[in-house]
Amino acid sequence: MTIDRKDIDAALVSRLIAEQFPKWAGLPVRPVEFGGWDNRTFHLGDSMTVRLPSAASYAAQVEKEQRWLPKLAPLLPLPIPTPLAKGEPTDFYPWPWSVYRWLDGETASVARIDDMTRFATALAEFLVALQRAGATGGPTPGKHNFFRGGSLTVYDGETRRAIAALDGAIDTGAATEIWETALAATWCGEPVWVHGDVAVGNLLVRDGRLSAVIDFGSSAVGDPACDLYIAWTFLEGESREAFRAAMPADEATWARGRGWTLWKALITYAEHRDAEPLGPWARRVIGEVLADISAG
């Protein structure tokens, strides 16, 4: 069966809970403020969340999170989602799904953070701890996480098409140079855990500080360069420098990190150039990456 994303609502969640976890039946179900795109997320009572893939391409992430998050959680300096139960596909919802313990906090934003430099350092420390967690047997990059932690060559054609489409809108020569430098900066290290989507929507803040990291659907064991993305999408100036100083990444890794960031911003800008808020966001990020190279 297929299901439209808009049909994954509180009523469907209540029906799934009643059918598979009757001990929680009757608890109120309500959407979270920012439910995400890959998955739809709902409050369940006061202390739990329900997370449901919104398409078949995200369904493989459920088993991965169920297996690995309990192993990673004790090794990390900040809370991450804790699976409480795994739901099964039914005749009215086609994929596995999860119940997690609720994590307090608000989506990260400059207005909610007391000290951006401290925030950047705390995030770097979290990522360093994640990289040091045992990676043996962990999932390698692939379709399940859109190849985050893998080779940038997967997105070479897509990136070059976006650069060509943006001729006249951006400095395509500089963008091509950064992309080709990233491709040439071959990763030769040991595979480590990567989060795969270190974006503000997956970082929670409480009392002005980084309080939790969520959504490990794009995680894998591979090249950590993709987790540097936040340096150009959210951090700047002193906070970016603090993040860089706290990360054990060489220049080649930073070059690949720019590549990951540029790829995402280019394809977003090429598709949504005139749309709010994606168009202005993507143009700003492209500018940050190009300016970072110019400054260096």
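Everything here concerns the structure above.
Residues numbered from 1 in each chain as written. Predicted model: local features only at pLDDT ≥ 70, side-chain atom pairs only at ≥ 80, totals over all residues. Heavy atoms only, no water.

*Asks:* An account of the sheet that holds strand S9 (residues 209-213) is requested, with residue identities and associated values reported.
*Replies:* One open sheet accounts for three strands, arranged S6-S8-S9; its pairing is antiparallel. In this open sheet, the two strands that pair with only one neighbour each are strand S6 (106-107) and S9. Bridge count between S6 and strand S8 (residues 203-206): two bridges; the pairing is antiparallel. Paired with Thr107 across the bridge in S8 is Leu204. Across the sheet, helix H3 (residues 116-132) touches S8 and S9, and the angle it forms with S9 is around 30 degrees. (Pairing = 2+ DSSP bridges. Helix = DSSP H or I, 4+ residues; strand = E, 2+ residues; numbered from the N terminus. Contact = heavy atoms within 4.5 Å. Axes fitted to C-alpha atoms, helices over the stretch in contact; angles between N-to-C directions.)

*Asks:* Quick rundown of the layout of surface pockets? Include the residues and the values.
*Replies:* In this structure, the second largest pocket occupies an estimated 210 Å³ of space. In terms of lining, the second largest pocket is formed by 15 residues, of which the most central are Gln131, Trp187, Pro224, Pro248 and Thr253. By residue number, the principal contributor to the lining of the second largest pocket is helix H8 (residues 251-272), which donates three residues. Considered class by class, the residues forming the lining of the second largest pocket number eight nonpolar, four polar and three charged. (1 Å grid on protein atoms, 1.4 Å probe; cavity = no way out; pocket = protein on both sides within 12 Å on 5 of 7 lines; lining within 4 Å. Points joined across faces, edges and corners; volume = space filled by probe spheres on them. Nonpolar A, V, L, I, M, F, W, Y, C, P; charged D, E, K, R; others polar.)

*Asks:* Give me the lowdown on empty space enclosed by the protein, citing residues and values where you can.
*Replies:* Per the stated rule, a full pass over the model turns up two cavities of 30 Å³ or more. Here the largest cavity is characterised by a volume of approximately 50 Å³. What lines the largest cavity is simply Asn39, Arg51, Pro53, Tyr58, Gln61, Val62, Glu65, Ser98 and Tyr100. Mapped by element, the contributors of at least two residues to the lining of the largest cavity are strand S3 (48-53), helix H2 (60-72) and strand S5 (97-101). In terms of residue count, the dominant contributor to the lining of the largest cavity is H2 (three residues). Across the lining of the largest cavity, the residue classes tally to four nonpolar, three polar and two charged. Roughly 30 Å³ of volume is contained in the second largest cavity. What lines the second largest cavity is Lys64, Glu65, Trp68, Leu69, Leu72, Trp193, Phe216 and Ser219. With five residues, H2 is the single largest residue contributor to the lining of the second largest cavity. Here the lining of the second largest cavity is built from residues that sort into five nonpolar, one polar and two charged.

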